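Here's the letter readout for the chains.
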Amino acid sequence: MAACVSRVELSVSCRSLLDRDLGSRSDPLCVLLQDAGGGRWAELDRTEKIKNCQDPEFCKKLVVDYYFEKVQKLKFGVYDIDNKSFDLNDDDYLGGIECTLGQVVSSSVFTRPLELKQGKPAGKGTITISAEEIKDTRVVHLEIEAQNLDKKDVFGKSDPFLEFYKQSDAGTWQLTYRSEVIKNNLNPCWRKFSVPLQTFCGGDFNKPIKVQCADHDSDGSHDLIGTLETTLAQMQTAGAGSLVEYECIHPEKKQKKKNYKNSGIIRIKSCKIETEYSFLDYVMGGCQINFTVGVDFTASNGDPKSPDSLHYISPDGINEYLIAIWSVGSVVQDYDTDKLFPAFGFGAQVPPSWQVSHEFALNFNPSNPYCQGIQGIVDAYRQILPQIRLYGPTNFSPIINHVARFAAHSLQQGTAAQYFILLIITDGEITDLDQTRQAIVNASKLPMSIIIVGVGEADFKAMEFLDGDGGVLKSVTGEPAARDIVQFVPFRQFKNAPREALSQMVLAEVPKQLVSFYKWQGWPPLKLPEVK
């Protein structure tokens, strides 16, 4: 596998965006896509949406793994967001650019005109991207409140929010964090937030930091309440009952008014610095990734002997189920030392009793369902196919609960030693949706991720619902998933793409999911990375 040389953080701003909204300005968001081969683009990251703004400076940084030896084609797309859906196809496109990550990292500031399509400029719109390598894995956690802020609104109190800026080497100020707005409050207490130390101050505790407090206006013309300058070293003295206080000063008021004191007090309630570990820190620290496969043998797949069946093995020895097992398994097997993978089928009548089973071992050995390597899973699949009867219903929950039992057992060890990936390959007709939702919500509290590959041409609405990209998945009783652990991919999107494209798309979320689980538990890697 290609070794990720480093992670790069991209700061994005735009100027003179097109105006697509009647009566107000556009609400832009920038999405970052990477070329996944075969004319397909996979989303890597997206910024926040900024309301009513034609010259946005996005606060959320876009993070990319930088591979020196790969040409990483990127596409930046700017959209006017008018709804709450995650899908951008129903939003107005304000323009975009295509470039390579190499071009961005080799220019200190990379500015290009936005295009609606190749050769067609998006008005006078431009995009500016600057890159910074993430060398420091520490994160600063801050809790901040204010008192007696100036009243800026005629019919109410101010709606204050904070913006933090770091000073660049060239002396300019770069936005690093923007808080939420607290409505109608002159003594606000903002929610706790965290910013990577590299983003916040370039890892330099004495680098000047500017904090701006402003009154939010929905039309985008925010009024300055006041500013202050500090350093992380000063802020760090907060905590354990001792607050660090700053006067919030409005420069014009200070000049004009003789008896001007301040426009309010900003208080740092707590400032803590912690180390964040990466996926590679956990893997190199000894975390084993356990891979389990679940194969859908329900009748809706069609008779395996018939060429139009999804289980039909073509003369060259493959079908969509086998390609999915190979492409995902070949990547995951590198992270599992024993190379023994449990593999199960569901939804078929199984000999000798011909009862329907929703978790039968592909090798017909329930006490030892392990197959030797990915080839072992493929061999077991080929051997079992003529021996079972495809039936139904399509129940996912038994196999999810099966893997969850192992994950729950490893959770009791209290260390980052084992993580579980369940690959379910299905034609998409699910019967036990409610039980599956509950099983996923339970599993979200365990060290596991679920990948669903949909084969065939079915409507995969239920699978997309389980993926939770449109919002947090909830059980029938309304309990939300503790974290997003399901990634759904329809195989048909990858039919003509190179084989590695499927595995890249399917496994893209796993590192994030693994890290988020161990971070949530507060568990470091088994062996800590050596500090170089």
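As shown above, the structure is provided for reference.
Here goes a summary of the coordinates provided. All values derive from a computational prediction rather than experimental measurement.

**Topic: the overall build of the protein chain**
When you go through the protein chain residue by residue, the secondary structure sums to 12 helices and 26 strands. Against the globule reference of 24 Å for 532 residues, the protein chain gives a C-alpha radius of gyration of 27 Å, in line with a compact fold. Overall size of the protein chain, expressed as C-alpha extent along the three principal axes, is 95 × 55 × 45 Å. Within the protein chain, buried positions represent 51% of all 532 residues. When contacts within the protein chain are restricted to residue pairs at least 6 apart in sequence, long-range pairs at least 24 apart make up 70% of them. Surface exposure of the protein chain reaches about 25,300 Å², of which carbon and sulfur atoms provide 51%. Across the protein chain, 56 positive and 67 negative side-chain charges occur, with their mean positions spaced 5 Å apart.

**Some remarks on the sheet that holds strand E19 (residues 348-350)**
The sheet built from three strands is open, its strands ordered E20-E19-E23 with antiparallel pairing. Of all the strands in the sheet, just strand E20 (355-357) and strand E23 (389-390) have a single pairing partner and so form its edges. Across two bridges, E19 lies against E23 in antiparallel orientation. In the sheet register, Gln-349 faces E23, and the bridge partner there is Arg-389.

**Quick notes on the packing of helix H8 (residues 397-411) against helix H9 (residues 433-443)**
The relative placement of two packed helices is expressed as an angle between their axes plus a distance between the axes. Where H8 contacts H9, the two axes come as close as 9 Å, and the packing angle between them is 15°. One finds that H8 runs roughly parallel with respect to H9. Where H8 crosses over H9, the handedness of that crossing is left-handed. On the side of H8, the interface is formed by Ser-397, Ile-400 and Asn-401, while H9 contributes Gln-435, Thr-436, Ala-439, Ile-440 and Ala-443. The class makeup of the residues in the contact of H8 with H9 is four nonpolar, four polar and no charged.

Cut-offs used in this document
Every chain's residues receive numbers from 1 upward, in the order its sequence appears when written. Restriction of local features to residues with pLDDT of at least 70 applies here, the model being predicted, together with a cutoff of 80 or more for giving and counting side-chain atom pairs; totals for whole chains, interfaces and linings are based on all residues. The side-chain values count all of the structure's non-hydrogen atoms but skip hydrogen atoms and water molecules. By definition, any uninterrupted DSSP run of H or I lasting at least four residues is a helix, any uninterrupted run of E lasting at least two residues is a strand, and each is numbered from the N terminus. Every radius of gyration here is taken over C-alpha atoms, with the globule rule written as 2.2 Å times N^0.38, N being the number of residues. In this scheme, a residue with accessible area under 20% of its type's maximum is buried, one over 50% is exposed, and one in between is partly exposed, where area comes from a 1.4 Å probe on protein chains only. Contacts between residues were defined by any pair of non-hydrogen atoms, one from each residue, lying within 4.5 Å. Note on areas: these come from Shrake-Rupley sampling with a 1.4 Å probe, and a residue is covered only by the protein chains present in the view. The charge count treats Lys and Arg as positive and Asp and Glu as negative. His and the chain ends do not count. By convention, the charge on Lys lies at NZ, on Arg at CZ, on Asp at CG and on Glu at CD. Pairing between two strands requires that DSSP report at least two bridges joining them. Lines are fitted to the C-alpha atoms to define the axes, a helix being fitted only along its stretch in contact, and any angle between axes, read from their N-to-C directions, falls within 0 to 180 degrees. What sets the label is the angle itself: under 35 degrees gives roughly parallel, over 145 gives roughly antiparallel, 65 to 115 gives roughly perpendicular, and the rest give oblique. By convention, the crossing between two helices is left-handed when the near helix turns anticlockwise from the far helix through less than a right angle, and right-handed when the turn is clockwise. We call Asp, Glu, Lys and Arg charged. Ala, Val, Leu, Ile, Met, Phe, Trp, Tyr, Cys and Pro are nonpolar, and the rest, Gly among them, are polar.

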